[in-house]
Amino acid sequence: MSCTKQIHGMIKRWLRGSLRNLDSTHFYLNTISGWSLYKEDWLDMKIDEILEDALGKNDKQQEVASWLDTGYPPLNFAISAALDKGLPGGRIIEIFGPPSCGKTAIATMAMISAQRAGGIAVFMDHENSFDVGLAEDLGLDSSTSWGYKQPETFEAAIDMTVNLGRKLRGYDDKGKKIKGPEPLPMDKPIVVVYDSLASMVPASKMYDNKGDLKDSADFSMHDNTALARATSAAFPTLAQMAYKFNMCLIFLNQVRTKPGVAYGDPTTTPGGQAPEFY
């Protein structure tokens, strides 16, 4: 009996190492020393069942729940391959270009599209230059489903955005779903426009360690890279929140010229490289 148990253990270890060779539902072993059949429960599982047992059920495939018209069909087609779509919901969008090239006009049309779809439009005016009268001429409704803020820092704007998404989609401050219908259904888009990323001031650049406003004499090389570090830290989480709450977050941005570039495009944008990836 002891010899049979040892053989049994050896075969079991060999079978466990042979999972990669499974190509059927059952794995049978010929009769050995009086055995008629050897089979374990884990060998009854197909490969798909093994995957589900190890990883759980597949998550829902990420998809665009809503599209926002830019007001310019050729641009819609370039972005979404459809004339009647445009900017995707649940994403972070960066629109950059020289002054007066139409960045704010495109963002305004996206906000109008959100309102017409029963959603919400919010404008974070870091440059303090937004003319709501011109936006109303284009079709924006500033009397309802409209928010306008002038955040002091980059972090304040991001906190407002996440808080807005939680409240409108029915989540508490800890990120847990509140029972009952959400104040704004998930199929209704939320658009938040930031004008502009280049004008968003990180808190570390505006305030010192004591919470006092910094003087220009207190600026250092760390302040020159503060915005890039802030976007690199915030955008991964912000991208998750944008998808979770079906929010289209549009960052308008300025352009700069890289000095000393002899070949290729010398154009670059403030805020580091994180926005390009999200």
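Since the model is a prediction, treat every value here as computed from it, not as a measurement. Note on numbering: residues in each chain are counted from 1, in written sequence order. Only residues with pLDDT of at least 70 get local features here, since the model is predicted, and only at 80 or more are side-chain atom pairs given and counted; chain-wide, interface and lining totals rely on the full set of residues. Where side-chain values are given, they derive from all heavy atoms of the structure, hydrogens and water being excluded.

Draft legend 1. Quick look at the overall build of the chain. Labels follow the DSSP assignment, with helices taken as runs of H or I lasting at least four residues and strands as runs of E lasting at least two, numbered in each case from the N terminus. Scanning the chain for helices and strands turns up 10 helices and nine strands. Here the chain, with 278 residues, has 35% of them falling under the buried criterion. Only heavy atoms matter for contacts: two residues are in contact if any of them lie within 4.5 Å across the pair. Pairs at least 24 apart in sequence give 64% of the contacts found in the chain among residues at least 6 apart. Entry remark: accessible area of the chain is about 17,000 Å², with carbon and sulfur atoms responsible for 53%. Only protein chains enter the area calculation, which uses a 1.4 Å probe; residues under 20% of their type maximum are buried, those over 50% are exposed, and those in between are partly exposed. Note on areas: Shrake-Rupley, 1.4 Å probe, and residue coverage restricted to the protein chains presented here.

Draft legend 2. Examining helix H4 (residues 103–116) more closely. Expected span of a helix, by definition, is 1.5 Å for each gap between consecutive residues, and there is one gap fewer than residues. For H4, built from 14 residues, the straight-helix expectation of 20 Å at 1.5 Å per residue is met to within 8% by its first-to-last C-alpha distance of 20 Å. Taking burial as the measure, the 14 residues of H4 include 10 buried ones, the bulk of the element. For H4, the full list of buried residues reads Lys103, Ala107, Thr108, Met109, Ala110, Met111, Ile112, Ser113, Ala114 and Gln115. Positioned one or two residues after H4, Gly118 has a phi angle of 85 degrees, which is positive.

Draft legend 3. Quick peek at the nonpolar core. One finds Phe154, Val192, Tyr194, Met200, Leu238, Leu249 and Phe251 to be the most contacted residues of the largest nonpolar core, which totals 27 residues. Every element with two or more residues in this core is listed here: strand S4 (120–125), helix H6 (154–168), strand S6 (190–195), helix H9 (226–244) and strand S7 (247–253). Per-element tally for this core: the top contributor is H9, with seven residues. Those residues in contact with Phe251 that lie beyond four places of it in its chain are Ile92, Ile93, Glu94, Ile95, Ile158, Tyr194, Leu197, Met200, Phe235 and Leu238. We define a nonpolar core as any set of buried Ala, Val, Leu, Ile, Met, Phe, Trp, Tyr and Cys residues linked to one another through side-chain atoms lying within 4.5 Å. In terms of nonpolar packing, the next biggest core, distinct from the first, is built from 21 residues, Met109, Ile112, Trp146 and Val191 among them.

Draft legend 4. Examining the layout of surface pockets more closely. In this analysis the probe radius is 1.4 Å and the grid spacing 1 Å, with only protein atoms considered; a cavity is a set of points the probe fits into but cannot get out of, a pocket is an open set with protein on both sides within 12 Å along at least five of seven lines, and lining residues have an atom within 4 Å of a point. Grid points are joined across faces, edges and corners, and a volume is the space filled by probe spheres set on the points. Put simply, the largest pocket is a space of about 240 Å³. Pro99, Ser100, Lys103, Thr104 and Glu127 are, among the 15 residues lining the largest pocket, the residues nearest its centre. Under the scheme applied here, ten amino acids are nonpolar (Ala, Val, Leu, Ile, Met, Phe, Trp, Tyr, Cys and Pro), four are charged (Asp, Glu, Lys and Arg), and all others, including Gly, are polar. Looking at the lining of the largest pocket residue by residue, the classes come out as six nonpolar, six polar and three charged.

Draft legend 5. Layout of the packing of aromatic side chains. Under the pairing criterion, centres of Phe, Tyr and Trp rings, with the six-membered ring standing for Trp, must be within 6.5 Å; the plane angle then separates stacked pairs below 30 degrees from edge-to-face pairs above 60, leaving the rest tilted. In this structure the tally under the stated criterion is seven aromatic pairs. Ring centres 5.3 Å apart and planes at 65 degrees place the aromatic pair Tyr171 and Phe245 in the edge-to-face group. One end of the pair, Tyr171, is in the loop between H6 and S6; the other, Phe245, is in the loop between H9 and S7, with 74 residues separating them in the sequence. Owing to a relative accessible area of 1%, Phe245 belongs among the buried residues under this scheme.

Draft legend 6. Spotlight on the environment of Gly165. Relative to the helices and strands, Gly165 resides in helix H6. It is 7.7 Å that separates the C-alpha atoms of Gly165 and Met241, two residues lying 76 residues apart in sequence.

Draft legend 7. Broad picture of the sheet that holds S4. Whether two strands pair comes down to DSSP finding at least two bridges between them. Spatially, five strands are ordered S3-S7-S6-S4-S5 in an open sheet, and the strand pairing comes out parallel. The sheet is open, and its two edges are formed by strand S3 (92–96) and strand S5 (146–149), each paired on a single side. Here the strands of the sheet are splayed against their neighbours by 15 degrees on average, with no regard to which way each runs. In terms of strand pairing, S6 meets S7 through six bridges, oriented parallel. Its bridge partner lying in S7, Asp195 is registered against Leu252. Note on geometry: axes are C-alpha line fits, over the in-contact stretch for helices, and angles between N-to-C directions span 0 to 180 degrees.

Draft legend 8. Geometry of the pattern of salt bridges. Within this document, salt bridges are pairs made up of a side-chain nitrogen of Lys or Arg and a carboxyl oxygen of Asp or Glu, the two lying within 4 Å of each other. Within this structure, the stated rule accounts for three salt bridges. With a closest N to O distance of 3.1 Å, Lys57 and Glu52 form a salt bridge. Classification of Lys57 as exposed rests on a relative accessible area of 64%. Relative accessible area serves as the criterion here: at 40%, Glu52 is assigned to the partly exposed category. In this structure, Asp173 engages Lys167 in a salt bridge whose closest nitrogen and oxygen atoms are separated by 3.3 Å.

Draft legend 9. Representation of the packing of H6 against H9. H9 packs onto H6 with a crossing angle of 5 degrees between their chain directions and a minimal axis gap of 11 Å. In terms of orientation, H6 and H9 fall into the roughly parallel class. Together, Phe154, Glu155, Ile158, Thr161 and Val162 of H6 and Leu227, Ala230, Thr231, Ala234, Phe235, Leu238 and Met241 of H9 make up the contact between the two elements. Put simply, angles under 35 degrees are roughly parallel, angles over 145 are roughly antiparallel, angles from 65 to 115 are roughly perpendicular, and the rest are oblique.

Draft legend 10. Fine view of the side chain of Asp195. Among the secondary structure elements, Asp195 is positioned in strand S6. We count Lys and Arg on the positive side and Asp and Glu on the negative side, and we leave His and both chain ends out. Despite its burial, Asp195 pairs with no opposite charge, the nearest such side chain being Lys103 at 6.9 Å. Ignoring any residue separated from it by four or fewer positions in sequence, one finds Asp195 in contact with Thr104, Phe123, Met124, Asp125, His126, Glu127, Ser129 and Leu252.

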